[in-house]
Amino acid sequence: MPEQLTRRQMIKALGLAGAGVSLAAVSGGNPLNAASEAIADTKAQPVPRRYWWVKNVDKITMEVDWKNYKRFSEWKTTRGSLKEYRGNAEDAKYLKLQKDNLLKWELENVPGYTTKDTALKNAVGYGRPPFQFMGPQTVSTPQDRGVPIYEGSPEESSRIITAALRHMGAATVGFVQLEPDSTRKLIYAEEPAPSKKPIFFENVDVGYEDEKKLVVPDKARWIIVFTIQMSTETMKYGPTQLGSLTTALTYTRMWTIVSQLHEFLRGLGYHSYGPSQFNGFSINPALATLAGLGEMSRLNRIITPEYGPMVRAVSIATDLPLAPTKPISFGVMDFCKDCKTCAEICPSGALSMDREPSWEGKGPWNNGGAHKAWYEDSVKCRNYWNTCGTNCGTCFSSCPYAVDDEASMHKIIKGTIASTTMFNSLLVAADRKAFPATTGQPMKNPEDWWKDTNLAEMGIDTRRGGRNI
Amino acid sequence: MLWLILGIIIGVAAFWVFNANKSGKITVKWYQWALGIIALVMLLLTVENYINFQKELEPVAANFMLVGLGVPALLAASLIWLIPVFKKGKANTGETKVSS
């Protein structure tokens, strides 16, 4: 080692040290990069950033026969017709079982079902503004304020909607153009029970709702579909009351964000149309897939690149012209063929164990026949919901994509899955060792959840996605 | 801060190895460079993933990383020393045989 460093040697040493820092930062995140990217962010971005392994594609990775695809009625799902599907006696039996089990477990202080778990689950369901077909319609319009309505290119409008929704609490945002022969069929033909009102498209300037029908104008040709993050951590305490609180909390947030979005569009001078009841307007996983927010999966729900299945999706239609976003592919459809973790963990055996997705639905609750999916036996699923007393969610929490993306290994694995199917079986085996799940049991001890006072706000990391990629 | 400290340590160590090799104090073969780089990358990945899996509140996955990535990293690192020792031992045995 020389006694004194020359300038050249000093620069070389700094270079090597810098290389070391850079190498170390490969996985840890580089603050210098983040700073330079923050400066670059002042440039308008047409779409939010995605991971490099998320590819835009022209067609969704699920096969759809649009010609034979028919609009579906929401009330035919098990949300609206469960009693009919399982019969009066069976239905009464399951409802009683749910009531009895919840009482028994609360009295017995079963972890996840104790009084504190039940109280919290019930509490976070509070504060939901009512869903309204055209939104609350309370904020001032540009006309009210005496200014012209907002006007911008479709790309600019998509961008401001995305920015607004992210700030309201949405995770990812996409846009679909409604076409009468295809995408418009994803708007329910009839809204949920008990009203079962038909939803029509008419050539009118502004839509409306009366006692017999809901009318969406033809000119409301753009769908805004967005996801809201659920807590991956909290869901791992499912199927208990504690685990299901993240679903309840996410729906509470969804109710608020949908209302705020309606009001934002109204404030810009446009109209919007959405669910008048819970899940009352459109088939949201399908629209989210078309908008490139994720891919359909064995869960018969979307899996997103950023949050896995840990999202809820919702859509509204608007007459504000928007630029559609493209579908994506990141290997989920192929991975699900090899994985089956959710189906094996499912306590009710409701999820498909077939390797390939099918054209045929499992029952009248599925809109089968014109798209290839891993259809679920919703009645079996609902029966188990009544047995465990909650909405279970173990299929979501056991999914290998249900991970917080802190560790770089997640991104390496997701990138590998997106690039090749060669390692799928190996990765599934490793996932089951690293994230062990047992049928019908929480993945973690619910009592431990209450001991941690440092959990993230709402159990979610809002830095994920977009800027943090 | 951890990454800054690790980066400085690695940078200084690399600087020393590079110069010592150049001045003839030590001899680093091509496979030792390769093994060293592989071990270093695996070790950094192990540290990063262990810390972040703990942040994710996933201790089982964190330990899985220690075993699945950390042990192979240490094995790769140990080979940097073991291969020359093994080679030397083999050569000495061969010499003994010839001389006897």
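Below or above, wherever it landed, is the structure these notes cover.

What counts as what
- Residues numbered from 1 in each chain as written.
- Chains lettered and ligands numbered in written order.
- Predicted model: local features only at pLDDT ≥ 70, side-chain atom pairs only at ≥ 80, totals over all residues.
- Heavy atoms only, no water.
- Helix = DSSP H or I, 4+ residues; strand = E, 2+ residues; numbered from the N terminus.
- Buried < 20%, exposed > 50% of the residue type's maximum accessible area, 1.4 Å probe, protein only.
- Contact = heavy atoms within 4.5 Å.
- Areas by Shrake-Rupley, 256 points an atom, 1.4 Å probe, with all protein chains shown as cover.
- Pairing = 2+ DSSP bridges.
- Axes fitted to C-alpha atoms, helices over the stretch in contact; angles between N-to-C directions.
- Parallel < 35°, antiparallel > 145°, perpendicular 65-115°, else oblique.
- Nonpolar A, V, L, I, M, F, W, Y, C, P; charged D, E, K, R; others polar.

1. Some words on the overall build of chain A
No. 1: Counting secondary structure elements, chain A contains 17 helices and 11 strands.
No. 2: The buried share among the 469 residues of chain A stands at 52%.
No. 3: Residue pairs in contact within chain A that sit at least 24 positions apart in sequence constitute 77% of those at least 6 positions apart.
No. 4: About 21,500 Å² of surface is accessible on chain A, with carbon and sulfur atoms providing 55% of the total.

2. Quick notes on the sheet that holds strand 3 (residues 199-202) of chain A
All names here are of chain A.
No. 1: Pairing within the open sheet is mixed, and its 3 strands lie in the order 3-5-4. Looking at strand neighbours, the two that pair on one side only are strand 3 and strand 4 (208-209), the edges of this open sheet.
No. 2: When strand 4 meets strand 5 (residues 214-217), the two strands line up antiparallel, connected through 2 bridges. Counterpart to Tyr-208 in the pairing with strand 5 is Val-215.

3. What about helix 13 (residues 378-388) of chain A?
Residue pairs three or four apart in sequence face the same way in an α-helix, which turns once every 3.6 residues.
No. 1: Within the span of helix 13 of chain A, buried status applies to Ser378(A), Val379(A), Arg382(A), Asn383(A), Tyr384(A), Asn386(A) and Cys388(A).
No. 2: In the stretch just after helix 13 of chain A, Gly389(A) is the one whose phi turns positive, near 85 degrees.

4. Quick word on the pairing of strand 2 (residues 173-177) of chain A
All names here are of chain A.
No. 1: With respect to burial, strand 2 is a largely interior element, 4 of its 5 residues being buried.
No. 2: Bridging between strand 2 and strand 6 (residues 222-229) involves 5 bridges; their strand directions are antiparallel. Paired with Gly-174 across the bridge in strand 6 is Val-225.

5. Considerations on the packing of helix 15 (residues 408-419) of chain A against helix 2 (residues 30-55) of chain B
No. 1: Running from N to C, helix 15 of chain A and helix 2 of chain B cross one another at 110 degrees; their axes reach a closest spacing of 8 Å. The angle between the axes of helix 15 of chain A and helix 2 of chain B places the two elements in the roughly perpendicular class. In contact with Ser408(A), Met409(A), His410(A) and Ile412(A) of helix 15 of chain A, helix 2 of chain B contributes Leu45(B), Glu48(B), Asn49(B) and Phe53(B).
No. 2: Its residues assigned to classes, the contact of helix 15 of chain A with helix 2 of chain B comprises 4 nonpolar, 3 polar and 1 charged.

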